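Structure at a glance
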Amino acid sequence: MRVFGIDPGSERTGYGCVESDGSRHRLVACGAIVTSPRLGFPAQLLRIHQQLAALLAEHRPECVAVESVFYAANVRSALKLGHARGVAMLAAVEGGYALSEYTPAEIKRAVVGYGRAEKPQVQEMVRMLLGLAEVPTPHDAADALAVAICHVHSQGPKVVAEHLRATRSKPKSWRDMKAPVR
């Protein structure tokens, strides 16, 4: 199962894609979409949307998981974060991907086992679960990977295994079918 996680932000949106069989996870891609405040807020949102749509098309996950808004320094920050989440969700829905949302506490509980874990604990568990030499950077990418891992863990190994069996037996779309060799 391939899951694309998103940690939305107006200036930096983290993304991370993992592939999992339900018990072992493998890093596919991660990074951050960085925008400049000089662009103006509408242009920042457009850039986030366009880049996420391109990344989703490139990595073709089975589903997308997004961190839900939980806390912001002030109302203005919360509104900007909400807008960034909105364009991230729009990119996923436009691409035809199933979409799930998780609170920060749900993500921490699924990855670390404790809903009030500190950010470094989550980042270290992401590193360990993916078998990486170093914690993924920037921290937004590690957070997005945690969102993706949370989704896999919330599905349970039995559901993931059933999903893998079902997708192996049929092509994902007409684009996945190879033309006969002549």
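These remarks concern the structure in this document. (Residues numbered from 1 in each chain as written. Predicted model: local features only at pLDDT ≥ 70, side-chain atom pairs only at ≥ 80, totals over all residues. Heavy atoms only, no water.)

This part takes up the overall build of the chain. The helix and strand tally for the chain stands at 5 helices and 5 strands. With 182 residues in all, the chain has 41% of them scored as buried. Long-range contacts, defined here as pairs at least 24 residues apart, represent 62% of the contacts in the chain between residues at least 6 apart. When the accessible surface of the chain is split by element, carbon and sulfur atoms take 55% of a total near 10100 Å². (Helix = DSSP H or I, 4+ residues; strand = E, 2+ residues; numbered from the N terminus. Buried < 20%, exposed > 50% of the residue type's maximum accessible area, 1.4 Å probe, protein only. Contact = heavy atoms within 4.5 Å. Areas by Shrake-Rupley, 256 points an atom, 1.4 Å probe, with all protein chains shown as cover.)

Throughout the structure, instances matching the rule amount to 1 aromatic pair. An angle of 0° between the planes, with centres 6.0 Å apart, marks the rings of Phe 4 and Tyr 15 as stacked. Here Phe 4, found in strand 1 (residues 2-7), pairs with Tyr 15, found in strand 2 (residues 12-20); they are 11 residues apart in sequence, far enough to count as distant. As far as the burial class goes, Phe 4 and Tyr 15 line up, both buried. (Phe/Tyr/Trp six-rings, centres within 6.5 Å; stacked < 30°, edge-to-face > 60°.)

Taken as a whole and judged by the stated rule, the model has 0 disulfides. Sulfur of Cys 17: no disulfide; nearest cysteine sulfur belongs to Cys 63 and is 9.3 Å away. Residue class for Cys 17 comes out buried when judged on its relative accessible area of 0%. (Disulfide = S-S within 2.5 Å.)

Along the chain, Ala 53 turns up in helix 1 (residues 41-59). As for Ala 53 and Val 93, which are separated by 40 residues in sequence, their C-alpha atoms are 9.8 Å apart.

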